[in-house]
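In case you want the letters, here they are:
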Amino acid sequence: MKASTSLQDSKKSNSGTPHGACLTLTDHDRIRQFIQEFTFRGLLPHIEKTIRQLNDQLISRKGLSRSLFTATKKWFSGSKVPEKSINELKNTSGLLYPPEAPELQIRKMADLCFLVQHYELAYSCYHTAKKDFLNDQAMLYAAGALEMAAVSAFLQPGAPRPYPAHYMETAIQTYRDICKNMVLAERCVLLSAEILKSQSKYSEAAALLIRLTSEDSDLRSALLLEQAAHCFINMKSPMVRKFAFHMILAGHRFSKAGQKRHALRCYCQAMQVYKGKGWSLAEDHINFTIGRQSFTLRQLDNAVSAFRHILINDSKQPPAQQGAFLREYLYVYKNAAQLSPDGPLPQLPLPYINSSATRVFFGHDRRPAEGEKQAATHVSLDQEYDSESSQQWKELEEQVVSVINKGTIPSNFQPTQFCLNRYSDNSKFPLAVIEEPITVEVSFRNPLKVPLLLTDLSLLWKFQPKDFSAKHDGETKEQGTCDEDMVGTEAIAEFLINSEETKVARLKLFPHQTGELHILGVVYNLGSVQGAVSLDGIDPSVGLQTGKFVSNGLSVRGRQDLEIQGPRLNNTKEEKTSIKYGPDRRLDPIITEEMPLLEVFFINFPTGLLCGEIRKAYVEFVNVSKCPLTALKVVSKHPEFFTFGGNTAVLTPLSPSASENCSAYKTVVTDPTSVRTALLSSASSADFGVGTGGSPEVIQVPLPDAVLLPGTSVQLPMWLRGPDEEGVHEINFLFYYEGIKKHSKMCHRVLRHTAVICTSRSLHIRATVCRSNALGDEEGRGDNMLLFVDVENINTSETGVKEFHIVQVSSNSKHWKLQKSVNISGDKDTKLASREKAKLCFKAVRCKNSAENYTFADIVFGNEQIISSASPCADFFFQSLSSEFKRTHVQSHTHVSQRAVKQSFDETVRLIQRCSEVDLNIVVLWKAYVVEDNKQLILEGQHHVALNTVGKEAFSFPQKQGFKKILGNSDWEDLEQELPETVLLKFFRPENTPVPPRPTPEQLSNLIKTSLHYPESFNHSFHQKSLCLVPVTLLLSNCSQAVVDVMIDLRHKPTSSEALEIHGSFTWLGQTQYKLQLKGQEVYSLQLKACFVHTGVYNLGTPRVFAKLVDQVTLFETSQQNSMPALIIINNI
């Protein structure tokens, strides 16, 4: 035992030291010299001597027997005996030759020739031995001789004969089928394959290798299949798919043989071919096998990567197979994660995240409506993004900021964006307020046909505290358990995504400090639902409910990053010629200091109104923050739609329920004696926010003490007026407010509301003003006009309106006022049923003092006077006035340059034009009786008509005048009645013609107003005196503010014979021409005498009056308008 142990120790010690380590260079040279001398002096001469002896023995020993054998065959058979085929030969593999047998001597000689590279002699000997072995049916020896003969033929220099491939095939078949020796057959195949490959016969080599594969040895078959695969890839035209396919087969056989590493290598090489070719099922199979083999070899990273590829590709596998893949992945992933539990969270492949569809919302979710309260619509994640609407909100905010900053927009102004998405401008860092949530909407997509269960889903963030007031930066903090005091994170406990479903998750963050926040991605546990495989075509996820998901207990925790690519830059030449992307900072908000937060509720806010209808609603403002709120304003593109009341507004009831049956107007009971006579009042436009220099669209909200304290609310009345145009109207309100304390980052906040109002037709009003024939009024002044108002009920009966009552007509002007109604009808109230029309006539006189205040004159048709100079009637009047001024200002703005060319000339024109201008605005107030749900409701409303020119019609619908010009009055009425919607409209673009350099004849004819005063009938005795003289007074009134030269010509005779026949002829006595000069607004009385020769009816309106401005050319001289026919009756006594 001792000796054996010492021997083993010596062997171990010897195995550790390399052999020949003590040899010197001289020893090396001597060994090399020894081998060379041994070869040339000993080995090679010995081989030559042996070959010579064998050759001599074979010739002497075989000569006689061969000659006798050959002669016998010729004598008895007379022909050559055919060789038997391999299948006909018996299995004589057990036949053994003695060492001195001539066949073995020939084989030995052939081997010696082959050894010394004498391939031609070796081939000849192998060929001779092959024939002898076949004759003796020694198949094992014959196969060996065939194999070596083929190799010798291949190795002959100069290739005197082609390679006998059929020798190799015969040898292989003999080894395999007759001798049943697969090892020799395998050796022969490998040898032949190498020879064929050296001759570039890869196809034959591959076929030869594949032919030897069998089920009895997986390792041999795997080796041969792998070699065949390499033959396919090395062809002149590589057969790539055959290579991959046979590598898969080789990998499978290696796996069966237990050679996991070789199997993994084969599958990985095949994957390089199938990857990205769209063969998803093949890729899935390969990746699954790679994952399995890698996991067995504990190559967990490779296994995770392989299973990941199965899940992220658009798999065409059935649900059951996908569920199996997912479970395998989770199992492998969990094992990989356990190796490094403290490492960074790995990236998960599922579910897909559409990063560009990520939306970020800043602020609280709005409270829902409570009863009659309707919350402001504002902005929410449920609303679709509209670029046009977003631009409108931006313009409204710029408008109110410009008003606050006295006409300029600050350079650091950043439009408020509540919701950021792929379409919004994300180039700047968004602003969020401390203690207000940030909601991130992430879009997940499940590509699999099995549901995915995400648990403990939350956002991953990085935060850097900053005090913007002290300009002190803190350290950057990443999400952790100790950082909840900086940013609170809301997690979703369970989030199920059904098969092939796209679903959004809304995750919230609650910042508790100011600073810079960076949202990096999402973190969650990925798992599958137990029993998630569908049976009989029924999706099992249909019956799953929230909170009742049953996980299979296999889940892994990981993360996915939100990486958003910004918009492509395309502004400069460099950006256009290259591909550059701008920043997208929607996930990098800046947390600012505390700001006030406003909520707005609308009470009794209507959804449907008649055109011009006045409705009273209430608005509740609530400050839900912890700091006071001030500078509350509202801006809208339609300020004429609403009002909070002017400074003269009366105190309204405290609650909406207390004012249910009250009128929206301020009313007083009228004295019955004052009916149809104007009741006067006055108001300043400054009381209603007009003419103060600010934008009419920006309206100050009248908060008590101008401040809304934290946690308090206030209700204010709001009057609404239905737009004049029927249809559906979207009206945007932007509420602007500030905090008491000014901040550097955020100066103000806004709240949005969109009101949808559907308006239906009510009344259509047409008004005309013309000069009155009567020059003198009750006060002895010579300036008055007649106002004709046509009111038509164009309401259709579908809205349930029974009838309209015209309750009052009011005028608003600085220069004119209504004096009384001159309607012939004695009806106290004007009622209009459907499609009925009423004509009203009023007398208007000039105001005594043309001060800055507007004079309101109310003509009441009922028992109650609506005070038109108070809210809300005056509010809507002034708002319509400002919108009318804005519209006319835009139209006339293009002509400013032409007006400035000849200022003196244009001043003269302006003086003349003023004669025909009138600044009179009419407000028609009405009530509508509506039957709704068997109840009668009374609606109130008002329409405005702005009269600017004498004799020109004005309408309550200014937008329809263009159509009226095209169609004419009668056609317009027919069109309005029969085809209000289906008419083909004719659009035209008005030409930008400059202001005419000279006034029109119509304007010139209004310089002087004339009136004749005379007795209507005159009795005269023509028997006593043949001539009848009647005194007539001609009153001349200068309508302009300038001095006017007037010429009266009494020689004018009626030219038409018809006028002569009807009225007869008479003569003026005395002067036939008068030249006068009238100062501005002067009234002059001229005494005339008319001479008649017989009785009859005569027209005294024959004097022609010409007028021109003093010191102006006669180019402006024109005949003044004749008044109505002045008829006088001459009677004979």
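The structure displayed is predicted, hence computed values, not measured ones.

K.L.:
I keep staring at the overall build of the chain and nothing clicks. Help me out?
P.N.:
When helices and strands are counted, the chain shows 23 helices and 49 strands. When contacts within the chain are restricted to residue pairs at least 6 apart in sequence, long-range pairs at least 24 apart make up 76% of them. In the form shown here, the chain has an accessible surface area of approximately 59300 Å², with 53% of it arising from carbon and sulfur atoms.

K.L.:
Explain the sheet that holds strand 31 (residues 816-821) to me, please; I cannot follow it from the model alone.
P.N.:
Through backbone hydrogen bonds, the strands of a sheet pair up, either in parallel or in antiparallel fashion. Spatially, 31-33-29-28-38 is the arrangement adopted by the five strands of the open sheet, whose pairing is antiparallel. This sheet does not close on itself; its edge strands, each paired only once, are strand 31 and strand 38 (954-955). Sheet topology places strand 28 (residues 763-771) next to strand 29 (residues 784-793); nine bridges connect them, and they run antiparallel. Residue pairing across strands places Arg 771 opposite Met 785, the latter belonging to strand 29.

K.L.:
Help me understand the packing of aromatic side chains in this model?
P.N.:
In this description, a pair of aromatic rings is defined by centroid distance and the angle of the planes. By the definition in use, this model includes 33 aromatic pairs. The interplanar angle of 55° and the centroid separation of 6.2 Å between the aromatic rings of Phe 641 and Phe 733 together place this pair among those described as tilted. With a gap of 92 residues between them, Phe 641 in the loop between strand 19 (629-635) and strand 20 (642-643) and Phe 733 in strand 26 (residues 727-739) connect regions that are remote in the sequence. Relative accessible area serves as the criterion here: at 2%, Phe 641 is assigned to the buried category. For Phe 733, a relative accessible area of 0% translates into the label buried. An aromatic cluster is built from Phe 602, Phe 605, Phe 621, Phe 641, Phe 642, Phe 644, Phe 733 and Phe 735, whose rings are joined through pairwise contacts. Positioned above the aromatic ring of Phe 295, the side-chain terminus of Arg 298 is 5.3 Å from the ring centre. Note that Lys 503 overlies the ring of Phe 495, its terminal NZ or CZ placed 4.8 Å from the centroid.

K.L.:
What exactly am I supposed to notice about the confidence of the model for the chain here?
P.N.:
The predicted coordinates ought not to be read in detail in places where the model reports low pLDDT. Per-residue confidence for the chain averages 80 on the pLDDT scale, and 78% of its residues sit at or above 70. Across the chain, the element-wise mean pLDDT spans from 40 in helix 20 (residues 961-967) up to 94 in strand 6 (residues 438-445). For the stretch residues 64-92, pLDDT sits under 50, and the model shows 23 contacts to residues farther than four places along the chain or on other chains. A low-confidence stretch, residues 959-983 stays under pLDDT 50, and its non-local contacts, those more than four residues away or across chains, total 28 contacts.

K.L.:
Quick question: what am I supposed to make of helix 11 (residues 260-274) here?
P.N.:
The periodicity of an α-helix, 3.6 residues per turn, causes residues three or four places apart in sequence to face the same way. Given a rise of 1.5 Å per residue, 15 residues ought to cover 21 Å, and the 21 Å separating the end C-alpha atoms of helix 11 matches this to within 8%. Residue Gly 276 follows helix 11 closely and has a positive phi angle near 75°.

K.L.:
Looking at this structure, I do not really get the pattern of salt bridges. What am I missing?
P.N.:
Side chains bearing opposite charge may pair, as long as their charged atoms lie close to each other. Applying the stated criterion across every chain, the model contains 30 salt bridges. Where Asp 218 meets Arg 253, a salt bridge forms, and the shortest distance between an N and an O atom there is 2.9 Å. Residue Asp 218 is located in helix 9 (residues 218-233), and its partner Arg 253 is located in helix 10 (residues 240-256); the two are separated by 35 residues in the primary sequence. Given the relative accessible area of 9%, Arg 253 is considered buried.

K.L.:
Help me understand empty space enclosed by the protein in this model?
P.N.:
Empty space among the atoms becomes visible once a probe the size of a water molecule is rolled across them. According to the stated counting rule, one finds five cavities of 30 Å³ or more in the structure shown. In this model, the largest cavity occupies a volume close to 60 Å³. What lines the largest cavity is Phe 361, Phe 362, Gly 363, His 364, Arg 366, His 378, Phe 418, Glu 436, Leu 597, Tyr 737, Arg 749 and Val 750. Elements with a contribution of two residues or more to the lining of the largest cavity: strand 2 (359-362) and strand 27 (749-760).

K.L.:
In this structure, what is going on with the environment of Asn 570? I would like to understand it.
P.N.:
Looking at where Asn 570 falls in the secondary structure, it is placed in the loop between strand 14 (551-561) and helix 16 (573-577). Distance in space between the C-alpha atoms of Asn 570 and Gly 582 is 9.7 Å, their sequence separation being twelve residues. If we ignore the near neighbours within four places in the chain, the residues touching Asn 570 are Glu 575 and Lys 576.

K.L.:
Looking at this model, I keep getting lost on the packing of helix 6 (residues 165-178) against helix 7 (residues 182-198). Mind explaining?
P.N.:
Packed helix pairs are specified by the crossing angle of their axes together with the interaxial distance, meaning the distance between the axes. Running from N to C, helix 6 and helix 7 point in directions that differ by 160°, and their axes come no closer than 8 Å. One element, helix 6, and the other, helix 7, form an angle in the roughly antiparallel class. For helix 6 against helix 7, the interelement crossing comes out left-handed. In contact with Met 168, Ala 171, Ile 172, Tyr 175 and Arg 176 of helix 6, helix 7 contributes Met 182, Leu 184, Ala 185, Arg 187, Cys 188, Val 189, Leu 191, Ser 192 and Ile 195.

K.L.:
What exactly am I supposed to notice about the sheet that holds strand 45 (residues 1083-1092) here?
P.N.:
Strand order across the open sheet formed by four strands is 39-41-45-43, with antiparallel pairing between neighbours. Each end of this open sheet is capped by a strand with a single partner; those strands are strand 39 (1008-1013) and strand 43 (1067-1069). Strand-to-strand twist across the sheet, computed as the mean angle between neighbouring axes with direction ignored, equals 35°. The pairing of strand 39 with strand 41 (residues 1028-1038) spans six bridges and is antiparallel. In the strand pairing of strand 41, Ser 1011 is matched with Leu 1035.

K.L.:
Would you explain helix 8 (residues 202-211) in this entry?
P.N.:
For helix 8, the complete set of buried residues consists of Tyr 202, Ala 205, Ala 206, Leu 208 and Leu 209. Viewed end-on, helix 8 has its buried residues packed into an arc of 160°, placing them on one side of the element.

K.L.:
In this structure, what is going on with a nonpolar patch on the surface? I would like to understand it.
P.N.:
Taken together, the side chains of Leu 23, Ile 31, Phe 34, Ile 35, Phe 38 and Leu 43 make up a nonpolar region of the molecular surface, amounting to roughly 550 Å² of accessible area. As for its position among the elements, Phe 34 is in helix 2 (residues 25-76).

K.L.:
What should I look at first to understand the packing of helix 9 against helix 10 in this one?
P.N.:
At a closest axis distance of 8 Å, the pairing of helix 9 and helix 10 adopts a crossing angle of 165°. As judged from the angle between their axes, helix 9 and helix 10 are roughly antiparallel. Crossing angle aside, the handedness with which helix 9 passes helix 10 is left-handed. Contacts between helix 9 and helix 10 pair Asp 218, Leu 219, Ser 221, Ala 222, Leu 223, Leu 225, Glu 226, Ala 229, His 230, Phe 232 and Ile 233 from the former with Val 240, Lys 242, Phe 243, His 246, Met 247, Leu 249, Ala 250, Arg 253, Phe 254 and Lys 256 from the latter. Of the residues belonging to the contact of helix 9 with helix 10, the class tally is 13 nonpolar, three polar and five charged.

K.L.:
What am I meant to see in the pairing of strand 45 here?
P.N.:
Walk down a regular strand and you will see the side chains alternate between the two sheet faces. Where strand 41 and strand 45 come together, ten bridges link them in antiparallel fashion. The residue of strand 45 that forms the bridge with Leu 1036 is Tyr 1084.

K.L.:
Sorry, what's going on with the pairing of strand 7 (residues 452-467) here?
P.N.:
Counting buried positions along strand 7 gives twelve out of 16 residues, so the element sits mostly inside the fold. Bridging between strand 7 and strand 11 (residues 492-497) involves five bridges; their strand directions are antiparallel. Each residue of the ladder has a partner; that of Leu 453, found in strand 11, is Leu 496. Strand direction decides the pairing type here: strand 7 and strand 13 (residues 515-529), joined by twelve bridges, are antiparallel. Considered in strand 13, the bridge of Leu 459 is made with Val 522.

K.L.:
Would you mind going over the environment of Tyr 97 with me for this structure?
P.N.:
With respect to the helices and strands, the residue Tyr 97 is situated in the loop between helix 2 and helix 3 (102-115). When the C-alpha atoms of Tyr 97 and Ala 138 are compared, they prove to be 9.1 Å apart, with 41 residues separating the residues in sequence. The contact partners of Tyr 97, leaving out residues within four places of it in the chain, are Glu 103, Leu 104, Asp 132, Phe 133, Asp 136, Ala 138 and Tyr 141. Looking at Tyr 97, its side chain comes within polar contact range of the side chain of Asp 136, at 2.8 Å.

K.L.:
Please explain the side chain of Ser 192 as it appears in this structure.
P.N.:
Within the element layout of this structure, Ser 192 appears in helix 7. Not counting the four nearest positions on each side in its chain, Ser 192 is found in contact with Tyr 163, Met 168 and Leu 208.

What counts, and at which threshold
Residues numbered from 1 in each chain as written. Predicted model: local features only at pLDDT ≥ 70, side-chain atom pairs only at ≥ 80, totals over all residues. Heavy atoms only, no water. Helix = DSSP H or I, 4+ residues; strand = E, 2+ residues; numbered from the N terminus. Contact = heavy atoms within 4.5 Å. Areas by Shrake-Rupley, 256 points an atom, 1.4 Å probe, with all protein chains shown as cover. Pairing = 2+ DSSP bridges. Phe/Tyr/Trp six-rings, centres within 6.5 Å; stacked < 30°, edge-to-face > 60°. Buried < 20%, exposed > 50% of the residue type's maximum accessible area, 1.4 Å probe, protein only. Lys NZ or Arg CZ within 6 Å of the ring centre and 35° of its normal. pLDDT = per-residue confidence, 0-100. Expected span 1.5 Å × (residues − 1). Salt bridge = Lys/Arg side-chain N within 4 Å of Asp/Glu carboxyl O. 1 Å grid on protein atoms, 1.4 Å probe; cavity = no way out; pocket = protein on both sides within 12 Å on 5 of 7 lines; lining within 4 Å. Points joined across faces, edges and corners; volume = space filled by probe spheres on them. Axes fitted to C-alpha atoms, helices over the stretch in contact; angles between N-to-C directions. Parallel < 35°, antiparallel > 145°, perpendicular 65-115°, else oblique. Left-handed = near helix turned anticlockwise from the far one by under 90°. Arc of directions from axis to C-beta. Patch = residues over 30% accessible without salt bridge, like charges linked within 9 Å, V, L, I, M, F, W, Y side chains within 5 Å. Nonpolar A, V, L, I, M, F, W, Y, C, P; charged D, E, K, R; others polar. Polar contact = N/O pair within 3.5 Å; in protein donor to acceptor, adjacent residues only side chain to side chain.

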